[in-house]
Amino acid sequence: MTIQLITLPSSSVGLDPLFGREVKGFNPASFEAGDFDQIKTALYTHGLLLFRNVTLTPEQQYALNKAFDPDSENFGHGNNAIDQNKKSILHPDLKTITRVPQVQLIGNGTIHNHEGHSTVTLKHPSHMTFHKTRNTAPGTTRFFPWHIDAALYNFAPPKVTTLYAITVPHGSRQLCVYDDGTGDELSVSLGTTAFVSGKTMFDILPPELKSLAVRTKARYAPHPYTWMAAARAVPTGLGLESDDLEIPLDALPPWEEAKVQTLPLLWKNEVTGELHFQVHPCGVAELIVEASPGAILYPEGAYIKDLKEVRRLLYTMQRPGIAPHLIYAHEWAENDLVVFHNRGVRHSVVGTFAPEQIRAFHQCNLAASDFPAGPTVDDVKKWSGVQSS
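So, a few notes on the structure that sits alongside this text. Just so you know, these numbers come straight off a predicted model, no measurement behind them.

1. Describing the overall build of the chain
Okay, so step 1: When you go through the chain residue by residue, the secondary structure sums to 9 helices and 21 strands.
Okay, so step 2: Along the first, second and third principal axes, the C-alpha set of the chain runs to 60 × 50 × 45 Å.
Okay, so step 3: Burial status across the chain gives 56% buried among its 389 residues.
Okay, so step 4: Residue pairs at least 24 apart in sequence account for 77% of intrachain contacts in the chain once pairs closer than 6 positions are excluded.
Okay, so step 5: Working note: accessible area of the chain is about 16,100 Å², and carbon and sulfur atoms make up 52% of it.
Okay, so step 6: Distance between charge centres in the chain, computed from 33 positive and 40 negative side chains, equals 2 Å.

What follows is the structure, given as structure tokens:
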């Protein structure tokens, strides 16, 4: 059967017409190398692929992820690492599938007899627990922090994430509010996952911010998910408030300087060559800006260590890219499989559940065999305002 790529339904009028495709004619549980090559190209071109009515074991899900990066092996944070680190903000959200530790069980409610777990209670991450402020209006929710799936310490950011819906709760739609004074809001299905294009996030920036982004690297805190555990998010989920609640570096679990990650803000798509604005704003501790004579912002370069200024700059560059008309909010159905380019797409968990609403998904991402490539010399010349000689 010929592989078909079908445009996804979306009410987001500003969504890149290339973003997202439903795939027919390909079985993600069993496939030939030649067919997979088409899927790999499609993913890097469209950012997100949807497969409907899939039957997928944890072993098959792991094999699918590994096909995108054959030299990868471990879960993105290390096999069983989150289960063992009770101080990480991720610890309550993920439960490892024991026989396939690269696959995690995520969701909400109490689940019985599931892939080796006799009974497990899951808690859907929500703004109600991780934002500094709450919106408790009936039928209202917010974005959980926007992020990429990555440990951002020791392990290289995964290339691909797969999300497989096993049990999807039914309920009324919710209104996702930004609560940032703009009046922005988005009607979403219960428990949607929201996606934005990192390419679009860069493309829509004004020239002075493009110049800054192409010249800047983010230095992440050691063990960032432990470092940030006591801090709380801003209302849009696009980073953290600066209340000096981060754990001091000398109070973190033992860490090594060589494993601390400094990554470019812009990651180069290995198939299309496009630049994607890919950063986890909650984990960034410092920004390093390369000099560019004639630039409007930081022409002499800078090493920015003031955390409040780091977050202000990142927020300014990212906020236009999460406008409601640029979001694809997936309406989950049972046996949906979503595969997304984790080095080109940002996502957020959305929704507020009651304890009795059961949601069960399998998530897989693998620590990559290499680190993301940043802008080339020509990219920097093109976007920083420096002219080629």
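Continuing now.
2. Comments concerning unusual backbone geometry
Okay, so step 1: We note that N53 has phi near 55°; this positive angle belongs to a residue other than glycine.
Okay, so step 2: Inspection of the secondary structure puts N53 in the loop between β3 (48-51) and α2 (58-68).
Okay, so step 3: Positive phi outside glycine occurs at L152, with the angle close to 60°.
Okay, so step 4: Structurally, L152 can be placed in the loop between β7 (140-141) and β8 (160-167).

3. Quick look at the pattern of salt bridges
Okay, so step 1: Scanning the entire structure with this criterion turns up 19 salt bridges.
Okay, so step 2: Between D179 and R142 there is a salt bridge, with its nearest N and O atoms 2.9 Å apart. Of this pair, D179 sits in the loop between β9 (174-177) and β10 (185-188) while R142 sits in the loop between β7 and β8, placing them 37 residues apart in sequence.
Okay, so step 3: In this structure D179 comes out as partly exposed when scored by relative accessible area, which is 35%.
Okay, so step 4: Between E257 and R219 there is a salt bridge, with its nearest N and O atoms 2.9 Å apart. Of this pair, E257 sits in the loop between α7 (224-227) and β13 (262-264) while R219 is found in strand β12 (residues 216-220), placing the two residues 38 residues apart along the sequence.

4. Details of the environment of L50
Okay, so step 1: Relative to the helices and strands, L50 is located in strand β3.
Okay, so step 2: For the pair L50 and G20, spaced 30 residues apart in the sequence, the C-alpha separation amounts to 7.7 Å.
Okay, so step 3: With residues up to four places along the chain from it excluded, the contact list for L50 reads L8, R21, E22, V23, H330, D336, L337 and V338.

5. Thoughts on the side chain of H276
Okay, so step 1: When you line up the elements, H276 lands in strand β15 (residues 275-277).
Okay, so step 2: Of the polar contacts made by the side chain of H276, one reaches the side chain of N269; its length is 3.3 Å.
Okay, so step 3: Not counting the four nearest positions on each side in its chain, H276 is found in contact with G198, K199, L265, L266, W267, N269, R343 and G344.

6. Describing the side chain of H117
Okay, so step 1: Looking at the secondary structure, you find H117 in strand β6 (residues 117-122).
Okay, so step 2: Accessibility expressed as a relative area gives 19% for H117, which makes it buried.
Okay, so step 3: Separated by 2.7 Å, the side chain of H117 and the backbone oxygen of T96 make a polar contact.
Okay, so step 4: Not counting the four nearest positions on each side in its chain, H117 is found in contact with K95, T96, I97 and H112.

7. Some remarks on the packing of helix α6 (residues 207-214) against helix α8 (residues 307-318)
Okay, so step 1: Interaxial distance between α6 and α8 falls to 11 Å at its minimum, and their mutual angle equals 125°. Overall, the two elements α6 and α8 adopt an arrangement that is oblique. Considering how the two elements wind past one another, α6 and α8 form a crossing that is left-handed. Contact residues: α6 offers L209, L212 and A213, while α8 offers L313, T316 and M317.
Okay, so step 2: Partitioned by chemical class, the residues of the contact of α6 with α8 number 5 nonpolar, 1 polar and no charged.

8. Looking at α6
Okay, so step 1: α6 sits mainly inside the fold: 6 of its 8 residues count as buried.
Okay, so step 2: Taken as a whole, α6 has its buried residues at L209, K210, S211, L212, A213 and V214.

9. Looking at the sheet that holds β7
Okay, so step 1: Spatially, 3 strands are ordered β7-β9-β10 in an open sheet, and the strand pairing comes out mixed. Edge positions in the open sheet fall to β7 and β10, since each of these has one partner strand only.
Okay, so step 2: Bridge count between β7 and β9: 2 bridges; the pairing is parallel. Within β9, the residue paired with T140 across the bridge is L175.

Reading the values: rules and limits
Residues numbered from 1 in each chain as written. Predicted model: local features only at pLDDT ≥ 70, side-chain atom pairs only at ≥ 80, totals over all residues. Heavy atoms only, no water. Helix = DSSP H or I, 4+ residues; strand = E, 2+ residues; numbered from the N terminus. Buried < 20%, exposed > 50% of the residue type's maximum accessible area, 1.4 Å probe, protein only. Contact = heavy atoms within 4.5 Å. Areas by Shrake-Rupley, 256 points an atom, 1.4 Å probe, with all protein chains shown as cover. Lys, Arg positive; Asp, Glu negative; His and termini not counted. Charge placed at Lys NZ, Arg CZ, Asp CG, Glu CD. Salt bridge = Lys/Arg side-chain N within 4 Å of Asp/Glu carboxyl O. Polar contact = N/O pair within 3.5 Å; in protein donor to acceptor, adjacent residues only side chain to side chain. Axes fitted to C-alpha atoms, helices over the stretch in contact; angles between N-to-C directions. Parallel < 35°, antiparallel > 145°, perpendicular 65-115°, else oblique. Left-handed = near helix turned anticlockwise from the far one by under 90°. Nonpolar A, V, L, I, M, F, W, Y, C, P; charged D, E, K, R; others polar. Pairing = 2+ DSSP bridges.

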